[in-house]
Amino acid sequence: MTGRAGPDPGRRRVAVVVGPQSYPFLDITQAAEGVAGLIWLADLSDERLGQERSLLARAGQVIDLAGITTTEAAGELRPWRPDGILTFVDELMPFTADLARALSLRFYPAGLAAALADKVDQRTALRAAGVPGPGFRLIPSAADPGDVERLVEGLPFPAVLKPRVGTGGRFTTFCEDVAAVSEALRDRSERREEGGMILEEMLGSRRSGPAGDGGEAISDLVSVDTLVIDSRCRHAGFTRHLGLAWPFRRTGSFLITEPDHPDLAVAATAVEEAVAALGVDRGWLNVDVILTAEGPRIIEVNGRVGGGVPRMLHMLGRPNPLSAQMQLALGGDPDIGGGPAAPGLAYMLLVQPPPEARSVVSISGVDRVIALPGVVQAAINKHAGDSVDWRDGSPGFVVGVYGTASSLDQLLEIRRALDEHVAVEYRS
Ligand SMILES: Nc1ncnc2c1ncn2[C@@H]1O[C@H](COP(=O)(O)OP(=O)(O)OP(=O)(O)O)[C@@H](O)[C@H]1O
Ligand SMILES: [Mg+2]
């Protein structure tokens, strides 16, 4: 433990377990203002934390998880007498649940935390409760490409291959047939997933255009952010997505606070069924649903706020969902800003590198995008010289543009202007 003083007895404290796929630490710090003091837990030996490590060094109360056991981590955390605990990182849910139990803090129970981190556990739990979903198979990490035929027997194709524990669509691949699965595993062989992969029957239509073109069709994927208290859902936002960049990367998403279409109300009902099936009593969930001809189907329940959602809710004047998750951890009943729907929509548009790109050579025209009506921010995520890889999934985008629009047409106009103004040169 580093830090100057001991705990201030008058102030409530939340322990936050962070990792490389967390929200930016500055956003977490801001969300805690006026809510709680933070005690950070992070593996400071993890190089992937990058510059975030220097923020932690200034943050004060940090427990370094490098090389210590869960019991030791609990022992270090206990003297700080936290009033709550949370994580925004899917793969850290089980560890956070173990710490919570050791310190008698509320969090997802161990079985649920496992299902929120592990896509095979989650599919198994949903299926056992009778929630309809795609067929799936576990591809163990020890499987050779030659074993695939036997492992996937009976699974309908095309299919989606993804790490059993993963986020942001990292290494999520489209597999037309069995041979494509073997090929993907070969491509993956130098970075074998410890927990293995899951292969799922692909639901819905692909509707994806060439990388980065925004493929103006709206995808049939809907993400619902919902606050669960006493097993009851309050839906804070519905995020729709523009056509994906190959294979499953996001090129644009927009959030509205109320369903504006009966399909969204149907998706909300499917979310409520999944929440009951998994036995979630309390928490903030981000649930991906695909609207298929047979009805809505759950792609995944994530146990935290969706990527980009805090910023989109903020642009619509809604309360900060990261703060809401902290209040939940403290036993509170956070406000999600009910009442009439916030006017218009908030969006996030992403320029994704094409699949063959390996690095960025140059970027121009971003300043012209900032001048467009409704644009709040246009930020470069990968600079000239940075490497890029489609396998990094949606978070591997090059430029992100955030703003508000009064209608979908207006948003699509901004998307077209973005493609026209921003030029990125890549090396393959
Ligand atoms: N069975 C499926 N059928 C159709 N599309 C799928 C399927 N599984 C995944 N996808 C697509 O791949 C994306 C990523 O999948 P998934 O949400 O399971 O992975 P993730 O890495 O946990 O991503 P996230 O951070 O968005 O939760 C989905 O948003 C969806 O577009
Ligand atoms: Mg996920």
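Residues numbered from 1 in each chain as written. Chains lettered and ligands numbered in written order. Predicted model: local features only at pLDDT ≥ 70, side-chain atom pairs only at ≥ 80, totals over all residues.

A. Broad picture of the overall build of the protein chain. A count of helices and strands for the protein chain gives 13 helices and 18 strands. For 428 residues, the compact-globule estimate of 2.2 N^0.38 gives 22 Å, and the C-alpha radius of gyration of the protein chain, at 21 Å, lies within 12% of that figure. Seen through its C-alpha atoms, the protein chain measures out along the principal axes to roughly 55 × 55 × 45 Å. Expressed as a percentage of its 428 residues, the buried residues of the protein chain come to 44%. Within the protein chain, contacts between residues separated by at least 24 positions form 67% of all contacts whose residues are at least 6 apart in sequence. (Helix = DSSP H or I, 4+ residues; strand = E, 2+ residues; numbered from the N terminus. Rg over C-alpha atoms; globule rule 2.2 N^0.38 Å. Buried ≥ 20, exposed ≤ 12 C-beta atoms within 10 Å, placed from the backbone. Contact = placed C-beta atoms within 7 Å.)

B. Structural detail: the site of ligand 1. Neighbouring ligand 1 are 20 residues, the closest being Val160, Gly169, Glu200, Leu203 and Phe248. Looking at the shell around ligand 1 element by element, the count peaks at 3 residues for strand E13 (residues 295-302). Counting the residues that make up the shell around ligand 1, at least three belong to each of domain 2 (134-201) and domain 3 (218-427). (Near = placed C-beta within 6 Å. Domains from an automatic or database assignment.)

C. Spatial organisation of the pairing of strand E17 (residues 399-405). The buried fraction of E17 is high, at 5 of 7 residues. One ladder, built from 7 bridges, connects strand E14 (residues 345-351) with E17; its direction is antiparallel. For Met348, the partnering residue across the bridge sits in E17 and is Tyr402. Summarising the sheet, strand E16 (residues 375-380) and E17 pair through 5 bridges and their orientation is antiparallel. Paired with Gln377 across the two strands is Tyr402, which belongs to E17. (Pairing = 2+ DSSP bridges.)

D. Up close: the packing of helix H1 (residues 25-32) against helix H11 (residues 321-329). The geometry of H1 relative to H11 is characterised by a closest axis approach of 8 Å and an angle of 60° between their N-to-C directions. As judged from the angle between their axes, H1 and H11 are oblique. Relative to H11, H1 is oriented so that their crossing is right-handed. Facing H1, whose interface residues are Asp27, Ile28, Ala31 and Ala32, H11 presents Leu322, Ser323 and Met326. Class assignment of the residues belonging to the contact of H1 with H11 gives a composition of 5 nonpolar, 1 polar and 1 charged. (Axes fitted to C-alpha atoms, helices over the stretch in contact; angles between N-to-C directions. Parallel < 35°, antiparallel > 145°, perpendicular 65-115°, else oblique. Left-handed = near helix turned anticlockwise from the far one by under 90°. Nonpolar A, V, L, I, M, F, W, Y, C, P; charged D, E, K, R; others polar.)

E. Main features of the environment of Val152. Tracing the backbone shows Val152 in the loop between helix H7 (148-151) and strand E6 (159-163). Judged by C-beta crowding, with 22 C-beta atoms within 10 Å, Val152 ranks as buried. Considering only alpha carbons, one finds Val152 and Gly400, 248 residues apart in sequence, at a separation of 37 Å. Ignoring any residue separated from it by four or fewer positions in sequence, one finds Val152 in contact with Arg137, Val178, Val181 and Leu199.

F. A look at the domain arrangement of the protein chain. By domain assignment, the protein chain separates into domain 1 (13-116), domain 2 (134-201) and domain 3 (218-427). Opposite the 8 residues of domain 2 that make contact, domain 3 presents 10 residues. Within the side of domain 2 that touches domain 3, the residues separate by chemical class into 3 nonpolar, 4 polar and 1 charged.

G. H1, seen in detail. Of all the residues in H1, the buried ones are Phe25, Ile28 and Ala31. The arc that holds the buried residues of H1, viewed along the axis, is 120°, so those residues lie on one side. On the buried face of H1, the contacting elements are strand E1 (13-17), helix H2 (52-59) and H11. (Arc of directions from axis to C-beta.)

H. The environment of Ser364, seen in detail. Looking at the element boundaries, Ser364 is found in strand E15 (residues 359-364). Look at Ser364 and you get exposed, because 12 C-beta atoms sit within 10 Å. Along the backbone, Ser364 and Gly130 are 234 residues apart, and their C-alpha atoms lie at a distance of 51 Å.

I. Region of the structure containing the sheet that holds strand E2 (residues 37-42). Spatially, 4 strands are ordered E3-E2-E1-E4 in an open sheet, and the strand pairing comes out parallel. Across the chains shown, the open sheet's two edge strands, defined by having one partner strand only, are strand E3 (62-64) and strand E4 (84-87). On average, each strand axis in the sheet is tilted by 20° relative to the strand beside it, whichever way the strands run. Here E1 pairs with E4 via 4 bridges, running parallel. Residue pairing for E4: Val16 is matched across the bridge by Leu86. Across the face of the sheet, H11 comes into contact with E1 and E4 while running at roughly 140° to E4.

J. Representation of the environment of Trp390. Relative to the elements of secondary structure, Trp390 occurs in the loop between E16 and E17. On the basis of neighbour counts, which here come to 22 C-beta atoms within 10 Å, the residue Trp390 falls in the buried class. For the pair Trp390 and Ala73, spaced 317 residues apart in sequence, the C-alpha separation works out to 35 Å. Sequence-distant contacts of Trp390, defined by excluding residues within four places in its chain, comprise Arg249, Pro353, Pro355 and Gly396.

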